[in-house]
Amino acid sequence: MRKDTWNPQQYHKFLNERSLPFFDLMDMIDSKSSLRRVVDLGCGAGDLTEVLHQKVHAQETWGFDTSEAMLEKAQKLSSEGLHFAKESIENIRQHGKFDLIFSNAALQWCENHPKLFHDLKDSLQPQGQLAVQMPMNHDYATHLLAVRMSEENHWKNLLQGNSYRQHLTMLPPEGYATLLFKLGFKEQKVLQRIYAHVMTSREDVISWVQGSLLTYFQSQLSPEDFATFLTEYRESLFQELPDDKPFFYPFKRILIWARL
Ligand SMILES: C[S@@+](CC[C@H](N)C(=O)[O-])C[C@H]1O[C@@H](n2cnc3c(N)ncnc32)[C@H](O)[C@@H]1O
């Protein structure tokens, strides 16, 4: 199990930008059908889970996450019908059936998506809905550099061979569409969207990835090694990103909605 390096403050530095895809995903749900039992997988600090709970008028919404730091914030939002628990996404099948399985920016951390989506389908009621959003910026400099560094001998040794593999986990958009069809979903929408983020400077890009992809390296390395990694990462990234002010940060994401 990875160390808990999620930090709600760091993650929420770009709350507006990070929330946009959540609202796009929520808009894809058919909230006119009865959604009594809902789960938000990788719910983070729970603020968006609460928005979802209210929007779909769920009787019971669960937010599952494995980060203590995130859950500590989320628990403060618990109310009648809205619950948070320390649970990993992969254990979904132990929690009965849901009318809606929702996940914003979390499933990319899980391996074996064909198996995972199979388990998600098995955890849905008949006519149940699945709504998933994941970042898909694997061909952007931030991710390419992370993969490259994780495969360099020095870092590979310190990472004990655990290279950064998110790009290997995820399927192409048409792969998800085909998987949903094969799993028996009768309706689906699979979209790719590029979110146009205008940052003050490229320093913001470093700050952005510190709240997301670099948490992986932070969880695997000692604090001293992570500090060195960050310095090297920043220097190399700045050789690739222009010193523009404002800095345009295009961010590709996949939005998936399907109904059984
Ligand atoms: C990028 S944050 C997204 C949080 C929230 N969904 C949002 O949109 O603000 C990803 C969250 O997924 C959680 N996470 C990652 N892998 C997980 C797993 N296997 N099981 C449960 N939670 C996981 C992390 O702890 C983190 O809180």
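Quick caveat: nothing in here was measured; it's all calculated off a predicted structure.

Undergrad: Explain the environment of Ala196 to me, please; I cannot follow it from the model alone.
TA: Residue position: Ala196 is located in strand 6 (residues 187–199). Given 11 C-beta atoms within a 10 Å radius, Ala196 is considered exposed. Residues Ala196 and Phe251 lie 55 residues apart in sequence; the distance between their C-alpha atoms is 6.5 Å.

Undergrad: I tried to follow the nonpolar core on my own but got confused; where do I start?
TA: It is characteristic of soluble globular proteins that their nonpolar side chains tend to be buried jointly. Ranked by internal contacts, the top residues of the largest apolar core, which has 46 residues, are Val38, Val39, Leu41, Leu100, Ile101 and Ala131. Once you skip the residues sitting within four places of it in the chain, Leu100 turns out to touch Ile29, Leu35, Val38, Val56, Gly128, Gln129 and Ala131. Counting 14 residues, the second-largest nonpolar core is a separate cluster that includes Ala146, Tyr164, Val205 and Leu214.

Undergrad: I'm lost on the site of the ligand in this one. Help?
TA: For the ligand, the set of nearby residues contains 20 residues, the closest of which are Gly42, Gly44, Ser67, Ala106 and Trp109. Across the shell around the ligand, the residue classes tally to 11 nonpolar, 7 polar and 2 charged.

Undergrad: Which parts of the structure should I look at to understand the environment of Asp99?
TA: By secondary structure assignment, the location of Asp99 is in strand 4 (residues 98–104). Exposure remark for Asp99: the 21 C-beta atoms within 10 Å place this residue in the buried category. Between the C-alpha atoms of Asp99 and Arg37, which are 62 residues apart in sequence, the distance is 5.3 Å. Look past the residues within four positions of Asp99 in its chain and what remains in contact with it is Ser34, Leu35, Arg36, Arg37, Val38, Gln125 and Gly128.

Undergrad: Help me understand the pairing of strand 7 (residues 247–259), please; the structure alone is not making it clear to me.
TA: The side chains of a regular strand alternate, residue by residue, between the two faces of the sheet. As defined by bridge partners, strand 5 (residues 124–135) adjoins strand 7 across 7 bridges and the pair is classed as antiparallel. By the bridge assignment for strand 7, Val132 is matched with Ile256.

Undergrad: Mind showing me how you'd approach the pairing of strand 4 here?
TA: Counting buried positions along strand 4 gives 7 out of 7 residues, so the element sits mostly inside the fold. Pairing analysis gives 3 bridges linking strand 1 (residues 37–41) to strand 4, with the strands arranged parallel. Counted as the bridge partner of Val39 is Ile101 from strand 4. Sheet topology note: the strand 4/strand 5 ladder contains 6 bridges and is parallel. Following the sheet pairing, Ser103 is matched in strand 5 by Val132. In the classification by handedness, the crossover that spans strand 4, the intervening helix 5 (residues 113–122) and the parallel strand 5 is right-handed.

Undergrad: Mind showing me how you'd approach unusual backbone geometry here?
TA: With the exception of glycine, most residues fall at negative phi, and the peptide bonds are largely trans. For the peptide bond that leads from Lys245 to Pro246, omega is 0 degrees, which places it in the cis range. Positive phi, close to 60 degrees, is recorded for Ala105, a residue that is not glycine. If you trace the backbone, Ala105 turns up in the loop between strand 4 and helix 5. With phi around 65 degrees, Gln127 is a residue other than glycine that occupies positive phi space. Relative to the elements of secondary structure, Gln127 occurs in strand 5. Given 13 C-beta atoms within 10 Å, Gln127 falls into the partly exposed group.

Undergrad: When you look at the environment of Leu260 in this model, what are you seeing that I'm missing?
TA: Note on placement: Leu260 falls in the segment after strand 7. With 16 C-beta atoms packed within 10 Å, Leu260 lands in the partly exposed category. Beyond its immediate stretch of four places on either side in the chain, Leu260 contacts Leu124, Pro126, Gln127, Gly128, Gly184, Phe185 and Lys186.

Undergrad: What should I look at first to understand the packing of helix 6 (residues 141–151) against helix 12 (residues 223–240) in this one?
TA: Helix-helix packing is described using two parameters, namely the angle between the two axes and the distance between the axes. Between helix 6 and helix 12, the shortest axis-to-axis distance is 10 Å and the interhelical angle comes to 135 degrees. Judged by the inter-axis angle, helix 6 sits oblique to helix 12. By crossing handedness, the relation of helix 6 to helix 12 is classed as right-handed. Note on element contacts: helix 12 touches helix 6 through Tyr233, Ser236, Leu237 and Glu240, opposite Ala141, Thr142, Leu145 and Met149.

Calculation rules
Residues numbered from 1 in each chain as written. Predicted model: local features only at pLDDT ≥ 70, side-chain atom pairs only at ≥ 80, totals over all residues. Helix = DSSP H or I, 4+ residues; strand = E, 2+ residues; numbered from the N terminus. Buried ≥ 20, exposed ≤ 12 C-beta atoms within 10 Å, placed from the backbone. Core = buried A, V, L, I, M, F, W, Y, C linked by C-beta atoms within 7 Å. Contact = placed C-beta atoms within 7 Å. Near = placed C-beta within 6 Å. Nonpolar A, V, L, I, M, F, W, Y, C, P; charged D, E, K, R; others polar. Pairing = 2+ DSSP bridges. Right-handed = clockwise from strand over helix to strand, strands pointing away. Axes fitted to C-alpha atoms, helices over the stretch in contact; angles between N-to-C directions. Parallel < 35°, antiparallel > 145°, perpendicular 65-115°, else oblique. Left-handed = near helix turned anticlockwise from the far one by under 90°.

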